[in-house]
Amino acid sequence: MNQTGIVLARHHDREALRRALRTNRAERIRRGAYRPPQPSTGDRFRDADEQALARVLAVAAQLRKAWVSHESAALLHGLRLWQLPDRVHVVQKYRASSASADDIARHRLDLAENERTVIDGVATTSLERTVVDCCVALHPLLALVIADHALALGMDRAAALAVLDVRRDPRGRRRARQVLELADPGAESVWETWLRYIVVRAGLPRPTTQLQVRTPHGDYRADLGWAELRLLAEFDGRVKYTRGALGPGHDADRALFDEKRREDHLREEGWGVVRVTSSDTPDQAESRILRRFPSDFREALTPLHHLPPAPSAPPTPPNRPTQPTGPARSRGRASGR
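Since this is a predicted model, take the numbers as computed values, not measurements.

Before going further, it helps to examine the nonpolar core. Of all hydrophobic cores here, the largest spans 76 residues; its most connected members are Val-131, Leu-180, Trp-194 and Ile-289. Here the element with the most residues in this core is helix 5 (residues 140-152); it accounts for nine residues. Grouped together as the second largest cluster of nonpolar side chains are eight residues, Ala-222, Leu-232, Leu-266 and Trp-271 included.

The subject of this paragraph is helix 6 (residues 157-165). Within helix 6, the full set of buried residues consists of Ala-160, Leu-161, Val-163 and Leu-164. Buried residues along helix 6 cover an arc of 155° about the axis, so they all sit on one side. Looking at the buried positions of helix 6, the neighbouring elements they touch are helix 4 (127-137) and helix 7 (173-182). The distance from a side-chain oxygen at the start of helix 6 to the backbone nitrogen of Ala-158 is 2.8 Å, and the residue carrying that oxygen is Asp-156.

In spatial order, the strands read 9-10-11-12; together these four strands make up an open sheet with mixed pairing. Every interior strand has two partners, whereas the edge strands, strand 9 (208-215) and strand 12 (272-276), have only one. Geometrically, the sheet is characterised by an average inter-axis angle of 45° between neighbouring strands, direction not taken into account. Across three bridges, strand 10 (residues 218-226) lies against strand 11 (residues 231-235) in antiparallel orientation.

A separate point is the environment of Thr-117. Its place among the elements puts Thr-117 in strand 7 (residues 116-119). Using a relative accessible area of 29% as the deciding quantity, one classes Thr-117 as partly exposed. The sequence separation of Thr-117 and Leu-127 amounts to ten residues, and the corresponding C-alpha distance is 8.4 Å. When near neighbours in sequence (up to four residues on either side) are disregarded, Thr-117 contacts Trp-67, His-77, Val-122, Ala-123, Thr-124, Thr-125 and Ser-126.

The next point concerns the pattern of salt bridges. Where charged atoms from two side chains of opposite charge come close, those side chains can pair. Going through the model one piece at a time under the given rule, you end up with 17 salt bridges. A salt bridge links Arg-35 to Glu-27; its shortest N-O distance comes to 2.7 Å. A residue is classified by how much of its surface remains accessible, and Arg-35, at 11% relative accessible area, is buried. Between Arg-129 and Glu-115 there is a salt bridge, and its shortest N-O distance comes to 2.9 Å. One end of the pair, Arg-129, is in helix 4; the other, Glu-115, is in the loop between strand 6 (104-108) and strand 7, and 14 residues separate them in sequence. Relative accessible area serves as the criterion here: at 6%, Glu-115 is assigned to the buried category.

Inspection of the secondary structure assignment puts Glu-128 in helix 4. The charged side chain of Glu-128 is buried without a salt bridge, its nearest counter-charge being Arg-129 at 10 Å. Here Glu-128 is in contact with Met-155, Asp-156, Ala-159, Ala-160 and Val-163, once residues within four sequence places are set aside.

Turning our eyes to something else, we now look at the side chain of Asp-148. With respect to the helices and strands, the residue Asp-148 is situated in helix 5. Asp-148 gets classed as buried once you look at its relative accessible area, which sits at 0%. Once residues within four sequence positions are removed from consideration, Asp-148 is found in contact with Ala-183, Asp-184, Pro-185, Ala-187, Thr-193 and Arg-196.

Glancing now at the sheet that holds strand 3 (residues 33-35). Ordered in space as 1-3-2, the three strands form an open sheet in which the pairing is antiparallel. The sheet is open, and its two edges are formed by strand 1 (7-8) and strand 2 (27-30), each paired on a single side. Pairing geometry for strand 1 and strand 3, over two bridges, is antiparallel. Opposite Leu-8, over in strand 3, you have Ala-33 as the bridge partner. Along the sheet, helix 2 (residues 44-62) makes contact with strand 1, strand 2 and strand 3, crossing strand 2 at roughly 70°.

Thresholds, definitions, all that
Residues numbered from 1 in each chain as written. Predicted model: local features only at pLDDT ≥ 70, side-chain atom pairs only at ≥ 80, totals over all residues. Heavy atoms only, no water. Core = buried A, V, L, I, M, F, W, Y, C linked by side-chain atoms within 4.5 Å. Buried < 20%, exposed > 50% of the residue type's maximum accessible area, 1.4 Å probe, protein only. Helix = DSSP H or I, 4+ residues; strand = E, 2+ residues; numbered from the N terminus. Arc of directions from axis to C-beta. Contact = heavy atoms within 4.5 Å. Polar contact = N/O pair within 3.5 Å; in protein donor to acceptor, adjacent residues only side chain to side chain. Pairing = 2+ DSSP bridges. Axes fitted to C-alpha atoms, helices over the stretch in contact; angles between N-to-C directions. Salt bridge = Lys/Arg side-chain N within 4 Å of Asp/Glu carboxyl O. Lys, Arg positive; Asp, Glu negative; His and termini not counted.

Right, here's the structure in full:
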């Protein structure tokens, strides 16, 4: 067993591994890689994240002279993802054989020294290189979710743009630059990024994230807002209104009452509040917010239709395997606020 808890079949007695699998003392991560069974966290999104992370660690342990990259590297860096990668992405200098596994996406290129790092013993692309690769390869919303969180964790935007500028392949560079420029460290969930992407794509001015509003009853903070129009937009995660959803001490009735009182205080001060939930489609969310802007303002908008529409919701995790997965790091996937 290596430092990640991964057991490689090539380094272990095959019959002992088969016995461990039969007696539920081991679980298969991918071909040739196993680990002791891990307890469930009780959260399907976190469990799915841990399954994906385990596959990344297994591939990293099995391959030589490879660097984990793209969304797989984002997992290692602890970044939020809109959806989990269906393959493990790696960068290699050599060409893969025709018999290579189909659950590995191999990118044949060279990395500069400043584009490499090591996380818990796993060779991976640097934070800036990881974000740039995702901005080039992914749907802009998926990339924006990653870039938002990377900035919140301290990524230097200028450093990421510099990595983008020296890429030899110019494909996707223009859109990647736009995503990096739109990124905002104020987004606190993937859904807040989703909502901001929708309004920016509609041509609205960039909203202020985590906008502070002062009232005689106290200071409040909104997900997005336009102070000059006294308009706020919020993604409303319904989980906080569900009894027991946030632990035994969570009072859902109190949360609902506090939210109503907060909104009353904001409206008394002349602030409009638009609420959007995960059941809203992008078109519904856009229409609801646009209606709150003056008609002459709406007519003068220039939508950014070169950006593709936002998806309605992230895909749900796959069905859980028979064996439970391990303790998870919280990565802020779209399970509410």
